[in-house]
Every structure is written in structure tokens, then in C-alpha cells.
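Given next are the chains, with one letter for each unit.
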Amino acid sequence: DGIRDVAVTGVQTCALPICIDCWGDEQEYVRYGLDLKLWQKNFEILLNKKWIKLNINQTISVLTIKTMPELLNQLAIWRKVRPVGHFFSEVTPEPTYMMPHIFGNDIFKEDFETILKLIPESDAQQYMTGIANRINQSTLDQVEITKLHTFLSEKDRRRNTNWRKTFPWLEEIFVKAEVNG
């Protein structure tokens, strides 16, 4: 109804930034309380409102990279209907334990190979290549990985969620970094 109210007032165009970082259960964990099916339904309603300029704003973090390809595939489907902007950046300046480079150079290599194939040739692809290269040149940061483990475990305790179920691949990283818990 809010969309209809704005249209009635005579607004001819409106830019709407929409935050989503990845896809699936991972997205619902990252943005706790989000119902992705409802989000998608609402986004597709907006997609059909040609007077609304849609822009996806995405934060790249340790928790979002693995399902970014699913989001990019979804974005490609929406772009068949009409143009949708896509803006992204890494977590900055904090929390440092969410920055993808903390895991070292081999964890996200295959993910970024897939991601880069899904981003059309553009400045965005060059920017994403720069992010991937920086991550692929990093070294494991045990202190930050320990902070991440503490953060996720405390979040699960408070929310009654389970990061191990949503991000099973993280367990191996915590073992490699010798994080107890």
C-alpha cells in the first residue's frame, strides 16, 4: 500500500537501494529475521514497478561469499525483466572478523572463480577481481578467526540458531586455525 500511496502523490521516479548479501539459509542467518521467500516476493513486486529504480547493495563477508553465486544467478533472472543495479563492497571498517581475508588464500578461490564468471564484463567485474586478488594473497589470521568463532557461538546462544548447520564448511577452518569450541 505504501508503494501505491507514493504513486498517487505524483512521484515519477524513485531510486530504492535494497540490501541483500547472498542467498538461501545463509542470507537468513546473516540478516537475522529476514524471510527470504517474502523478500523475493516483495522484490519481484517492485521489479514490476517501472518507475522505481532498483539497486542491490551487497556486503561481501566471510559468511556471504559461498552463496553469492546463487544471488548473482537470481540477479541475472531479474535483469531479464529490466535493469537492476548491483553495488557491493567488503565489510569495512569493522567488524574485522567478518573480513574475508582472515581465512587466508585458499578458502574462497573457487567461489571467486564462479562469481567472476557470473558478473558481466564491467567496472564491477574489475572491482570484484581486485577483491578476489586481495583475498587470494592473504594469510590465515588466527586472532580474527577466533573472534569470529566467539561471535558466531554467542550469536547462536542468544538467537537459538546453529552456525554449524548453516555454514558447515567453517568447522574445518576453525580446526585448521586451532580454534577450540
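These numbers come from a predicted model, not from an experiment.

Caption draft 1: Representation of the pattern of salt bridges in the model. With the rule as written, the count across this model stands at seven salt bridges. Linking R134 and E90 is a salt bridge whose minimum nitrogen-to-oxygen distance equals 2.9 Å. Placement of R134 in helix α6 (residues 123-136) and of E90 in strand β3 (residues 85-90) is noted, with a sequence separation of 44 residues between them. Here R134 falls in the partly exposed class, since its relative accessible area comes to 40%. Residue classification places E90 among the buried positions, given a relative accessible area of 13%. Across the salt bridge formed by K147 and E144, the nearest N and O atoms sit 3.1 Å from each other.

Caption draft 2: Broad picture of the sheet that holds strand β2 (residues 52-60). Strand order in the open sheet formed by three strands is β1-β2-β3, with parallel pairing between adjacent strands. The strands lining the two open edges of the sheet, one partner per strand, are β1 (14-19) and β3. Direction aside, the axes of adjacent strands within the sheet are offset by 25° on average. Note that β2 and β3 share six bridges and pair parallel. Opposite Q58, over in β3, you have F88 as the bridge partner. Contacts between helix α3 (residues 36-47) and the sheet are confined to β1 and β2, with β2 contributing the most and set at about 145° to the helix. Packed on one face of the sheet, helix α4 (residues 68-81) meets β2 and β3 and runs near 170° to β2.

About the thresholds
- Sequence order as written defines the numbering, with residues in each chain counted from 1.
- Reporting of local features is limited, given that this is a predicted model, to residues whose pLDDT is at least 70; pairs of side-chain atoms are given and counted only at 80 or more, and all residues count toward the totals for whole chains, interfaces and linings.
- Each side-chain value is worked out from all heavy atoms of the structure, with water and hydrogens disregarded.
- Counted as salt bridges are all cases of a side-chain nitrogen of Lys or Arg within 4 Å of a carboxyl oxygen of Asp or Glu.
- Only runs of H or I of at least four residues qualify as helices and only runs of E of at least two qualify as strands under DSSP, and these elements are numbered from the N terminus.
- Each residue is placed in one exposure class: buried if its accessible area under a 1.4 Å probe, protein chains only, is under 20% of its type's maximum, exposed if it is over 50%, and partly exposed if it falls in between.
- For two strands to pair, DSSP has to find at least two bridges joining them.
- Each axis is a line fitted through C-alpha atoms, taken for helices only over the stretch in contact, and angles between the N-to-C directions span 0 to 180 degrees.
- Here, two residues are considered to be in contact whenever any of their heavy atoms come within 4.5 Å of each other.

By themselves these figures say nothing about function.
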